[in-house]
Amino acid sequence: MKILCIGRNYAKHAKEMGSAVPKEPMIFMKPESALNFSGQMTYPTFTTNLHYELEVVIEINQTVSKISKEVAHQYYDRIGLGIDFTARDIQAKCKEKGHPWEKAKAFDDSAPLSELVAKNDYDLSKLNFKLWHNDKIVQDGNTEDLIFDFDHLISYASQYFTLQKGDLIYTGTPEGVGPVQKGDVLKGYLEDKKLLEVSII
Ligand code: ZN
């Protein structure tokens, strides 16, 4: 399986990163070895600026290639919450050199994922999701602010990559990203339900 991630898919996040709002989806990937269900994130030795990015994740339900936006909704049934952990210091160096940024984004355990829930139980056009960082809400996002919605992302990605059952799309983070320290606890809520908890160790 593969993990597709979407960069800068919320305008206010693009702004906080000093980046332009993209005209088409910006895609990068993480390998399967990035997936993390352990509830723990070991602070990597190669960074001193590990950031959380809470994202809504969708799971592809069957093999699909080159489809339109209009039919894309048939190709996912389940959604969840994930964190796109980012070594912000390494990412800045990669950007500066014009290098790919996998070292900053695709490292081991960098993609915690919650349990998945049925998409039909939710209104995907205005889905609220929040991240608690210890005792503070730091990200409070809503899918109504997505630049490219889920169907658009699936259609767009499928023009380039055959999507397979079990593939995941991390659909981008809203504003409020920030650093974590060892001992911190992150909790992700979809509407009022806690789906994800990750301790930094
Ligand atoms: Zn992200």
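Residues numbered from 1 in each chain as written. Predicted model: local features only at pLDDT ≥ 70, side-chain atom pairs only at ≥ 80, totals over all residues. Heavy atoms only, no water.

Asks: Would you mind showing me how to read the sheet that holds strand β10 (residues 117-118) here?
Replies: Strand pairing in a sheet takes place through backbone hydrogen bonds and is either antiparallel or parallel in direction. A sheet is described by the order of its strands in space; here 6 strands give the open sequence β2-β1-β13-β6-β7-β10, paired in mixed fashion. Each edge of the sheet is formed by a strand with only one pairing partner; in this case those strands are β2 (26-30) and β10. Pairing analysis gives 7 bridges linking strand β6 (residues 54-60) to strand β7 (residues 76-83), with the strands arranged antiparallel. Residue pairing across strands places I60 opposite Y76, the latter belonging to β7. (Pairing = 2+ DSSP bridges. Helix = DSSP H or I, 4+ residues; strand = E, 2+ residues; numbered from the N terminus.)

Asks: Explain the pattern of salt bridges to me, please; I cannot follow it from the model alone.
Replies: Any two side chains of opposite charge can pair, on the condition that their charged atoms come close. Tallying each qualifying case throughout the model produces 9 salt bridges. Residue D167 is joined to K2 by a salt bridge in which the shortest nitrogen-to-oxygen separation is 2.6 Å. With D167 in the loop between α4 (150-160) and β13 (168-170) and K2 in the segment before β1 (3-7), this pair connects stretches of sequence that are 165 residues apart. Neither D167 nor K2 differs from the other in exposure class; each is buried. One salt bridge in this structure joins K105 and E53, with 3.3 Å as the shortest N-O distance. Taken together, the positions of K105 in helix α3 (residues 102-105) and E53 in the loop between β5 (50-52) and β6 put the pair 52 residues apart, joining distant regions of the chain. Relative accessible area serves as the criterion here: at 3%, E53 is assigned to the buried category. (Salt bridge = Lys/Arg side-chain N within 4 Å of Asp/Glu carboxyl O. Buried < 20%, exposed > 50% of the residue type's maximum accessible area, 1.4 Å probe, protein only.)

Asks: Just to check I follow, could you spell out α4 for this structure?
Replies: An α-helix turns once per 3.6 residues; consequently, residues spaced three or four apart project the same way. All of the buried residues in α4 are F150, L153, I154, S155, Y156, A157 and S158. Packed against the buried residues of α4 are β1, β2, β6, β7 and β13. (Contact = heavy atoms within 4.5 Å.)

Asks: What's the story with the coordination of the zinc ion in this structure? I'm lost.
Replies: The expected angle between donors at a tetrahedral four-coordinate metal is 109.5 degrees. At an octahedral six-coordinate metal it is 90 or 180 degrees. Taken together, the protein donors to the zinc ion comprise E53 (OE), E55 (OE) and D84 (OD), at separations of 2.0 to 2.1 Å. As a motif over one chain, the donors of the zinc ion read E-x1-E-x28-D. In this pair, E53 is assigned in the loop between β5 and β6 and D84 in the loop between β7 and β8 (86-87), connecting sequence segments 31 residues apart. Considered together, E53 and D84 belong to a single accessibility category, that of buried residues. (Donors = N, O, S within 2.8 Å, 3.2 Å for Na, K, Ca; no water.)

Asks: Can you help me understand unusual backbone geometry in this one?
Replies: Outside of glycine, negative phi angles account for most residues, and trans bonds account for most peptide bonds. Phi is positive for K66, which is not a glycine, with a value near 50°. With respect to the secondary-structure elements, K66 resides in the loop between β6 and β7. Residue K66 is classed as exposed on the basis of its relative accessible area, which comes to 56%. The phi torsion at N134 lies on the positive side, around 55°, for a residue other than glycine. Along the chain, N134 turns up in the loop between β11 (128-133) and β12 (136-142).

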